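These are the residues of each chain, in order.
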Amino acid sequence: MRDRAKIIESLFTQRAELERRYRSMSEDVLVQPCTESEHDGGDKWSPKDHLAHLLRIEEAFLGMAKRTIGGDASPIKFTGTTRPEILAGVHRDNEAHIAKHRHRGLEELLSDLTTARANTLAFIETLTDDQLDTTIPGAPWSDGTIGGVLAANGGHELQHLSWVDSGLIEAH
């Protein structure tokens, strides 16, 4: 069974680290291209682009979890049928989302991330332990359960921080 208290604690702790680190970056650093896009022909991502991506994923994982609880047999909604087609669609959608949010400021993105996290936490509070343990059909993240996938948001944030750090070092 997923440990609700540990999920909530890790989501709070990891988000606090993300916000602390991003608020320590200058505006020049926030918009500096630092990592390659995984979409063919996509623009390099800046640290701020990574925040927009994290927002997209937090909202997407919550949507998948809600659709699972609602009885949707295919809640992930990937496009394509083969792994290469699915990955190409994910990368294309990521790139479009990043481009749509590129003009937004740090505080605006952090505010939206706070709202998305609050929505995730509020949803977790509505779930029984058995629902937290429910598998999201086709979910390749964490252990594939609702609790595991929602908890994965925190680790996903820290992974992106690591990529941003490496990319910024390489850029200099």
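Please refer to the structure higher up on the page.
Residues numbered from 1 in each chain as written. Predicted model: local features only at pLDDT ≥ 70, side-chain atom pairs only at ≥ 80, totals over all residues. Heavy atoms only, no water.

Notes on the overall build of the chain
- What the chain contains, in helices and strands, is 7 helices and 0 strands.
- For 172 residues, the compact-globule formula gives about 16 Å, and the C-alpha radius of gyration of the chain, at 16 Å, lands near that figure.
- Along the three orthogonal principal directions, the C-alpha set of the chain runs to about 50 × 35 × 25 Å.
- Within the chain, the fraction of its 172 residues that count as buried is 44%.
- Pairs at least 24 apart in sequence give 73% of the contacts found in the chain among residues at least 6 apart. (Helix = DSSP H or I, 4+ residues; strand = E, 2+ residues; numbered from the N terminus. Rg over C-alpha atoms; globule rule 2.2 N^0.38 Å. Buried < 20%, exposed > 50% of the residue type's maximum accessible area, 1.4 Å probe, protein only. Contact = heavy atoms within 4.5 Å.)

Description of the packing of helix α3 (residues 47-69) against helix α7 (residues 146-171)
- Two elements in contact, α3 and α7, have axes separated by 10 Å at closest approach and are oriented at 170 degrees. Between α3 and α7, the interaxial angle falls into the category roughly antiparallel. Listed contacts from α7 to P47, H50, H53, L54, I57, E58, F61, L62, A65, T68 and I69 of α3 are I146, V149, L150, A152, N153, H156, E157, H160, V164 and L168.
- Partitioned by chemical class, the residues of the contact of α3 with α7 number 13 nonpolar, 6 polar and 2 charged. (Axes fitted to C-alpha atoms, helices over the stretch in contact; angles between N-to-C directions. Parallel < 35°, antiparallel > 145°, perpendicular 65-115°, else oblique. Nonpolar A, V, L, I, M, F, W, Y, C, P; charged D, E, K, R; others polar.)

Side note on the pattern of salt bridges
- Evaluated as defined, the whole model comprises 18 salt bridges.
- Its salt-bridge partner being R15, residue E157 comes within 2.4 Å of it at the nearest N-O pair. With E157 in helix α7 and R15 in helix α1 (residues 4-23), this pair connects stretches of sequence that are 142 residues apart.
- Classification of E157 by relative accessible area gives buried; the value is 1%.
- Given the relative accessible area of 5%, R15 is considered buried. (Salt bridge = Lys/Arg side-chain N within 4 Å of Asp/Glu carboxyl O.)

Description of the environment of E59
- Take E59: it is sitting in helix α3.
- As a C-alpha pair, E59 and R83 span 24 residues in sequence and 22 Å in three-dimensional space.

Topic: unusual backbone geometry
- Although it is not a glycine, K77 adopts a positive phi angle of roughly 65 degrees.
- In this structure, S142 takes a positive phi of about 50 degrees despite not being glycine.
- Locating S142 in the fold gives a position in the loop between α6 (129-132) and α7.

Regarding the nonpolar core
- Counting residues in hydrophobic clusters, the biggest one holds 20 residues, and the most contacted among them are F123, I124, I136, I146 and L150.
- Taken together, the elements giving at least two residues each to this core come down to α1, α3, α5 (106-126) and α7.
- Judged by nonpolar contacts, the second largest core, of 19 residues, contains Y22, L54, L113 and L168. (Core = buried A, V, L, I, M, F, W, Y, C linked by side-chain atoms within 4.5 Å.)

Shape is all these values report; function is a separate question.
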